[in-house]
Amino acid sequence: MPTNWKCFIHDGKQLRKPCKRTPIEDHPLKRPADKSVSRPMHNKNVPSDPLSMALDGFDPLSIYNDDLYFNSSQNTNLKSKDNEWLEYWHSRRNAILARYTTAEKLSIISSFLPGGEKVIMKTQTYVVDQVKTRLEQLDDFEESSVRQMLNLSQQEYVSRIDMLNRELVHAWNTEQRVKALKIAIQCSKLLVDTSVIQFYPSKFVLITDILDIFGKLVYDRLRNKAEYFDPGTNKVTSLPENFTPDMVPEAAKETCQNWLYKMASIRELVPRLYIEMSFLKCYSFLTRHEFGSALLRITSMIRGIGHPLVSIYARFYLCRVGLSIHAANKEFFLHNLNDFLLTYPQVFGKNITTELLVQRIDMSKYISLYSPALEWLLYGLVEWSNVSNSVLDKLIDECKNTENSDLLLRSIMSSFKPDFITCRAIEFLDLICKSKAEDVIVSDMIITLGQKICSGGRSADDRKLLSTVWKIIRNFKQLKLYLTCAEPWVQFTAMNFSVKQIDWLLGDICACIVKSEEPLSEYYTHLQAILKKIALFTPDMEELFTQDNLLPTLELFDAGPYLMDVCKSLLSAYQSQQSYMISDEVLISNQMQICLLLHESINSFTVDDELKNVSELVCRFIKSVSYGKDFQKQLKFYTEVRASFFKLDSIYVILIQLVNNLSMNIRNLVVGKDSRKVGNFIQCCSAYCCVTVPSVICPFTKLQLYLLSAQVALINHCFLQAEDCLKAALMASVKIPPKHTIDGQLRSTDAFKVSYISNFMSTILMLPDRQQNGSFLNMFKVVLKVIMNHLSWEPTTPSRYILLLKAIDLLANMAQEDYLYHAGEALANDNILVFNENFIAEVNAMCSSIVDEILSILRMLGENNENHKQSSLALELFWRIVKRADLSVKEIEVLAVNLWNLAHKHKNCVDLKVSNKLITSLEFNAGINGTNLSLLTKIKSTA
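Since the model is a prediction, treat every value here as computed from it, not as a measurement.

**Regarding the overall build of the protein**
Step number 1: Each helix and strand counted, the protein has 42 helices and eight strands in total.
Step number 2: Expressed as a percentage of its 943 residues, the buried residues of the protein come to 49%.
Step number 3: Sequence-distant contacts in the protein: of pairs separated by 6 or more residues, those separated by 24 or more amount to 72%.
Step number 4: As displayed, the protein offers around 47900 Å² of accessible surface, 52% of which is attributable to carbon and sulfur atoms.

What follows is the structure, encoded as structure tokens:
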């Protein structure tokens, strides 16, 4: 029989010893004989399987359903609870680092910073030598190896802590476990130092981050070494997330105990406590019943720490680590809190007072150092210990009976749930009134109480509460304290009282600010926060805008980002509630003033997104103002707006559109009526648009507005204003650059020019022509001149000859007896000049000149071997001649045949589908009137 081996794991080394095989009668997977530990049987209706039959009908895997694994829903709840306290800790951590800073010089003592000791690793042959060497290393703290770094700034101190953190991880990854432990010990010793006491909370966070990493490294190492046999198989697997101690092999337990012995050998109390707390979770490898006693034991040991600040932060870390242990009873929170309350008088003792005098720290700053730790203890007590309200009430009684209870009272209000605070708001307020603390501490309590009540709903005595609180706030001599305390209580007022009460508070705030001799610019942040709270929580913004004290409060700001942010918040809040047009003079006037303040805050540093946001808010206000049928007043308002908001391009755009819409509405109301007064007003509207469009900066928007205003003027029979707009549009179109930037890319403007001028020519068809110096088509001639000479196009540019073809279409339509469309009831040339022989002759002459220009372009395209363009242009011109011209004239028919032949000169360049469609169309027309029969015959003969 081959020898079997059993592995013993001792700190990374496997020692193999032979063991004898012992025969047994009972199989470990069979049902236990003891009925007290039996597991429920499966349903009898379930068919048995071979495994069940072999094991007396018992499923061996069911034995592990309860003990080895957590229920899935329970596991989910644990994860969600873990996430809850971890998120809370991360938020608290960041707040501590941001709040507790210092400009004082700091010091650090370590053997592992540059210039410190150099660890020499020896090779050991035997296990006994290895253990001995590690103990010697752990005890080796020679004076020459320890280095003290003095006069460090806060940033330098943090960077040194980061270096220690990296050194610890590097030592661990390079198998230098003792060195990693020594680094953790030396970091823990730093928490004894309170020489720069105002930085202590942040130092605690930085050091415990290192200890958390060290504890996780130890825990992960133990778990990786703790392999076990999967139940029912011979497969060795790693421990699951929720393992039990009976799943851990003896070798891993032995390694865990070794780490605990190393921790116990640390001589100094504070490092020993912090190291044990850092891998407190490792007790799970030994027993599930050790956590509660370990937490209570460490709670008692912390009593040995003499300094109250160091003591409470040790309790802070213990309670934070305790939350990561699911099996632990959370009653240790209450024990730690009770211990702190017993030693609470030490916080104000003589030794502490002397230390504060030496460091020149006032009592209010010192008291604030305790807040993060005490609030965490109370947080755990409320959220995790499931204590009854009677226990919480006893804490309030403790505040009543304890001298200098301000720290405890403020921490209770910060940590307890809003509903609990709201129900006892008057009781808390009485305690604050009786407090003899400094104004800074009282203001913190007032702020905390206000924040909790805002989150907890209404109380029974809201009016009494607000009245009493505001009396306390008004007694503060410092404007900063007054404004910071006012912020949550203004929110409380906005949520629970009428707008008049809010206006009264704003009036009081203005009065206090005006009386103050301090520079107001330092308090813009607080005033901004107050007004944004009002905007966010006031249910009736319309009524607020008609109150007396809103505008005076806004005028306290100088033009700038603070004023812009506040005005944006107020307007956004109002517009989100608005559901109808406004005509109230007071409301319009006040909103206009706020928009003007917003406009004044714009400067050269205002970014584009900010300008867009401001423009949208002002435009919504302008569009919401309506004076009904008082059109004169409406136009006057638009005129005032145009004069006031000269920094915003989009304001001009919306004004032009609104005035055009106003003139169209008037036309629809008085259609069929002849009123000189109405006509004059519509002309004023057209003139307004014509004068305003040049102020628009964007050249493309300007062109569109010119054309829109001209079309509206045509519909309203304002022909002079329409001509002015059209002429101005042509002049502006010449200035359009060949390329412009869109989304960071340079793109051609040719497509826009072709589209715009095509629309422009369509508008000209509705414009009645006036004979000037014996000639017609004056506007068309200007357009043609722009196309041919002023658009910086090469003669063979496709955009140029496309517009020339469209010009032929326009002239052909001008010669018709009935136009396809008109500008309302306005007269066009089909009613005035279509039977004028001079007009028709001039149309034909212009057509001939354009055709000659296109023929020259065709010749240049052939010389340049641009055959595809030549073929396409020849077909386009061919179709227009066939469709528009008189084919009975011999020269025109010959021209058409030549264009057809030119288009088909290069067989690979012609689009046969287009050619076939043209022939089909010619055949259809020839069948109707016979005019195209001769041309069709010649085309087919050349095909």
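From this point, the discussion proceeds with the structure in view.
**Remarks on the environment of Lys568**
Step number 1: With respect to the element layout, Lys568 can be found in helix α26 (residues 561-577).
Step number 2: Taking the relative accessible area as the measure of exposure, Lys568 reaches 13% and is therefore buried.
Step number 3: For Lys568 and Val614, which are 46 residues apart along the polypeptide, the C-alpha to C-alpha distance reads 7.1 Å.
Step number 4: If sequence neighbours within four positions are ignored, Lys568 has contacts with Leu598, Glu610, Asn613, Val614 and Leu617.

**Regarding α26**
Each full turn of the α-helix corresponds to 3.6 residues, which orients residues three or four apart in the same direction.
Step number 1: End to end, α26 covers 25 Å across 17 residues, agreeing with the expected 24 Å (1.5 Å per residue, within 8%).
Step number 2: Residues of α26 that are buried: Leu563, Met564, Val566, Cys567, Lys568, Ser569, Leu570, Leu571, Ala573, Tyr574 and Gln575.

**Overview of the pairing of strand β7 (residues 739-742)**
Step number 1: Of the pairings in the sheet, the one linking β7 to strand β8 (residues 745-748) comprises four bridges and is antiparallel in character. Along β8, the bridge assignment pairs Lys739 with Ser748.

**Things to note about the packing of helix α28 (residues 608-624) against helix α30 (residues 649-669)**
Step number 1: Their axes nearest at 10 Å, the elements α28 and α30 cross at an angle of 20°. When the interaxial angle is binned, α28 and α30 end up roughly parallel. In this structure, α28 meets α30 at a crossing whose hand is right-handed. In contact with Ser615, Val618, Cys619, Ile622 and Lys623 of α28, α30 contributes Ser650, Ile651, Ile654, Leu655 and Leu658.

**Examining the packing of aromatic side chains**
Step number 1: In total, this model carries 40 aromatic pairs according to the counting rule given.
Step number 2: Centroid distance Phe416 to Phe420: 5.1 Å. Interplanar angle 75°. Geometry classified as edge-to-face. A single burial state applies to Phe416 and to Phe420, both of which are buried.
Step number 3: Between Phe752 and Tyr756, the aromatic rings sit 5.9 Å apart at their centres with planes inclined by 15°, giving stacked as the arrangement. Separated by four residues within a single helix, Phe752 and Tyr756 lie in helix α34 (residues 750-764), roughly one turn from each other.
Step number 4: Overall, the relative accessible area of 4% leaves Tyr756 in the buried class.
Step number 5: A network of ring pairs unites the aromatic residues Tyr88, Trp89, Tyr200, Phe204, Tyr274, Tyr313, Phe316, Tyr317, Trp376 and Tyr379 as a single cluster.
Step number 6: Between the NZ or CZ atom of Lys262 and the centre of the ring of Trp259, over which it lies, the distance is 4.4 Å.
Step number 7: Sitting over the ring of Trp89, Arg320 keeps its end group 4.1 Å from the ring centre.

**Side note on unusual backbone geometry**
Step number 1: The phi dihedral of Arg360 falls on the positive side, at around 55°, and the residue is not glycine.
Step number 2: The topology assignment puts Arg360 in the loop between α12 (350-359) and α13 (363-368).
Step number 3: Residues other than glycine seldom take positive phi values, yet His717 does so here, at roughly 65°.
Step number 4: Among the residues examined, His717 registers a relative accessible area of 41% and is labelled partly exposed.

**Overview of helix α39 (residues 867-884)**
Step number 1: Here α39 is 18 residues long and its end C-alpha atoms lie 25 Å apart, about the 26 Å a rise of 1.5 Å per residue gives.
Step number 2: Within the sequence span of α39, burial applies to Gln870, Ser871, Leu873, Ala874, Leu875, Leu877, Phe878, Arg880, Ile881 and Val882.

**Regarding the nonpolar core**
Step number 1: Residues Phe214, Trp489 and Ile622 are the most contacted members of the largest nonpolar core, which totals 300 residues.
Step number 2: Per-element tally for this core: the top contributor is helix α6 (residues 200-225), with 12 residues.

**Quick notes on the side chain of Lys225**
Step number 1: Take Lys225: it is sitting in helix α6.
Step number 2: You can call Lys225 buried: its relative accessible area is 13%.
Step number 3: At 3.5 Å, the side chain of Lys225 and the side chain of Thr255 are in polar contact.

**Side note on the packing of helix α11 (residues 332-342) against helix α14 (residues 371-383)**
Step number 1: At a minimum axis separation of 9 Å, α11 and α14 run at an interaxial angle of 140°. One finds that α11 runs oblique with respect to α14. In terms of crossing hand, the pair formed by α11 and α14 is left-handed. Contact residues: α11 offers Phe333, Leu334, Asn336, Leu337 and Phe340, while α14 offers Leu374, Trp376, Leu377, Leu378, Gly380 and Leu381.

**What about the pattern of salt bridges?**
It is possible for side chains of opposite charge to pair when their charged atoms get near one another.
Step number 1: Evaluation of the coordinates by the stated rule reveals 24 salt bridges.
Step number 2: Between Asp220 and Lys216 there is a salt bridge whose closest N-O contact spans 2.8 Å. Of this pair, Asp220 and Lys216 both sit in helix α6, four residues apart, which is roughly one turn of that helix.
Step number 3: As a salt-bridge pair, Arg884 and Asp809 come within 3.5 Å of each other at their nearest N and O atoms. One end of the pair, Arg884, is in helix α39; the other, Asp809, is in helix α36 (residues 798-814), with 75 residues separating them in the sequence.
Step number 4: Judged by relative accessible area, Arg884 falls into the partly exposed class, the value being 36%.

**Thoughts on the environment of Ser848**
Step number 1: For Ser848, the location among the structural elements is in helix α38 (residues 837-863).
Step number 2: Residue Ser848 is classed as partly exposed on the basis of its relative accessible area, which comes to 40%.
Step number 3: Residues Ser848 and Ile808, spaced 40 residues apart in sequence, show a C-alpha to C-alpha distance of 9.3 Å.

Rules behind the numbers
Residues numbered from 1 in each chain as written. Predicted model: local features only at pLDDT ≥ 70, side-chain atom pairs only at ≥ 80, totals over all residues. Heavy atoms only, no water. Helix = DSSP H or I, 4+ residues; strand = E, 2+ residues; numbered from the N terminus. Buried < 20%, exposed > 50% of the residue type's maximum accessible area, 1.4 Å probe, protein only. Contact = heavy atoms within 4.5 Å. Areas by Shrake-Rupley, 256 points an atom, 1.4 Å probe, with all protein chains shown as cover. Expected span 1.5 Å × (residues − 1). Pairing = 2+ DSSP bridges. Axes fitted to C-alpha atoms, helices over the stretch in contact; angles between N-to-C directions. Parallel < 35°, antiparallel > 145°, perpendicular 65-115°, else oblique. Left-handed = near helix turned anticlockwise from the far one by under 90°. Phe/Tyr/Trp six-rings, centres within 6.5 Å; stacked < 30°, edge-to-face > 60°. Lys NZ or Arg CZ within 6 Å of the ring centre and 35° of its normal. Core = buried A, V, L, I, M, F, W, Y, C linked by side-chain atoms within 4.5 Å. Polar contact = N/O pair within 3.5 Å; in protein donor to acceptor, adjacent residues only side chain to side chain. Salt bridge = Lys/Arg side-chain N within 4 Å of Asp/Glu carboxyl O.

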